[in-house]
Amino acid sequence: MKFLIYISQPYSIPIGKPLQEEIEKRGFSVRWFCDEKETYNALSMNEPLLYTVEEVKEYAPHVVLVATNMVPDFFSGIKVQVFHGFSVGKRNESRGHFNIRGFFDLYCTQGPSTTEPFKVLQKKHRYFQVVETGWSKMDPLFPLEYIAQEKPTVLISSTFTERLSLARNEEAVLEIERLSKLGKWKFMVILHPKMDAETVLRFEKMQHQDFTFYNTTNIIPLFKQADIMLSDTTSAITEFALQKKPVVTLNNNKPEAYMLNIHDAYEIELALQKAFTQPTEIMQALEDFIEKTHPYNDGRSSVRVIDACLRFLKEGKQKRKPLNLLRRYKIRKQLNYWGL
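Everything quoted here is computed from the prediction, not taken from an experiment. (Residues numbered from 1 in each chain as written. Predicted model: local features only at pLDDT ≥ 70, side-chain atom pairs only at ≥ 80, totals over all residues. Heavy atoms only, no water.)

Caption draft 1: Geometry of the overall build of the protein. Check the secondary structure of the protein and you find 11 helices and 12 strands. Against the globule reference of 20 Å for 340 residues, the protein gives a C-alpha radius of gyration of 21 Å, in line with a compact fold. Looking at the 340 residues of the protein, the share that counts as buried comes to 54%. Put simply, of all contacts in the protein between residues at least 6 apart along the chain, 68% involve residues at least 24 apart. Summed over its atoms, the accessible surface of the protein is roughly 15700 Å², and 49% of this surface lies on carbon and sulfur atoms. Distance between charge centres in the protein, computed from 46 positive and 41 negative side chains, equals 8 Å. (Helix = DSSP H or I, 4+ residues; strand = E, 2+ residues; numbered from the N terminus. Rg over C-alpha atoms; globule rule 2.2 N^0.38 Å. Buried < 20%, exposed > 50% of the residue type's maximum accessible area, 1.4 Å probe, protein only. Contact = heavy atoms within 4.5 Å. Areas by Shrake-Rupley, 256 points an atom, 1.4 Å probe, with all protein chains shown as cover. Lys, Arg positive; Asp, Glu negative; His and termini not counted. Charge placed at Lys NZ, Arg CZ, Asp CG, Glu CD.)

As structure tokens, this is what we get:
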């Protein structure tokens, strides 16, 4: 049995790694393929990599696990959407998380809040299956563990989208810098991998004893070290919240009941203070949110994904997908651009 993990961006590597481990544990074959050549630089040379379309064709996978939006229709095997993030309302859902692009045979959903809409779409389109598995990226988060720090710790995360970005809000950055120098809290910072170089450099220069910038896509170890998060509108919020830890958001595009959402930089300090107290209503809202978004806390989502793939193959449910000519052309053009 041969699996292919198909990604575009470096931030999808932590999605694929638990899947790779589960595939190898079962004695199956697995390879990686990136449709953007620069992403290979973020993968270890020790990983089983395929670099060209011809190498993929020769490998002939039975299952292609996809952590991006599109996948070449001419690759062999069933195409399985495992998602590159949670739905966070950055754009209209019909054009974002729930956009049916005509490439996939199987959707492995993260929890009831994504399963239910996809089940409706399954009945409408009738050529793909939907199985709720949980999200492989979250496997290393569990079991939950508390890592004590010398000081109460804030993890700052920010999206790269300018109109939504905390890191590109001048007043917010100045307030964060001021708070970090008071000495009462420790700050850790992660930025979206697509963040502009100027903003990244600014945060690197802000570093001191209580303020550390991390240039990494392996963010779960940082989640475990933080007591609360300060963010904007990014998928990392949902990932962090699964630990049952409070989140303060600045101008979140679609604030949830579990968030302490504020609108001005001067509110950050009081909001963080409140978050550290773990208000009862916030903690209950977190429980409710987790139950509908990603109720799996056993670290076995990858097991369920691979089980779903094998079951799909055994039952032979693959059906003819739409012609999808424009998107097929786009993916060929993209691969050709990168010389793959």
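Okay, back to it.
Caption draft 2: Region of interest: the side chain of Gln9. Within the secondary structure, Gln9 sits in the loop between strand S1 (2-7) and helix H1 (13-25). A polar atom in the side chain of Gln9 sits 3.3 Å from the side chain of Glu36. (Polar contact = N/O pair within 3.5 Å; in protein donor to acceptor, adjacent residues only side chain to side chain.)

Caption draft 3: Region of interest: the sheet that holds strand S7 (residues 153-158). Read across the sheet, six strands follow the order S9-S8-S7-S10-S11-S12 without closing on themselves; strand pairing throughout is parallel. In this open sheet, the two edge strands, each paired with only one partner strand, are strand S9 (211-213) and strand S12 (259-262). Between one strand axis and the next, the sheet turns by 20° as a mean value, whatever way the strands run. As defined by bridge partners, strand S11 (residues 247-250) adjoins S12 across four bridges and the pair is classed as parallel. (Pairing = 2+ DSSP bridges. Axes fitted to C-alpha atoms, helices over the stretch in contact; angles between N-to-C directions.)

Caption draft 4: Here's a closer look at the sheet that holds strand S5 (residues 106-109). The six strands are arranged S2-S1-S3-S4-S5-S6 in an open sheet whose pairing can be described as parallel. Edge positions in the open sheet fall to strand S2 (29-34) and strand S6 (129-132), since each of these has one partner strand only. Pairs of neighbouring strands in the sheet enclose a mean axial angle of 25°, with direction left out of account. When S1 meets S2, the two strands line up parallel, connected through six bridges. Across the sheet, the residue bridging to Tyr6 is Phe33, located in S2. Along the sheet face, helix H3 (residues 112-125) touches S5 and S6 and points at about 165° away from the line of S6.

Caption draft 5: Seen up close, the environment of Gln284. For Gln284, the position within the fold is in helix H9 (residues 280-293). Considering only alpha carbons, one finds Gln284 and Pro140, 144 residues apart in sequence, at a separation of 24 Å.

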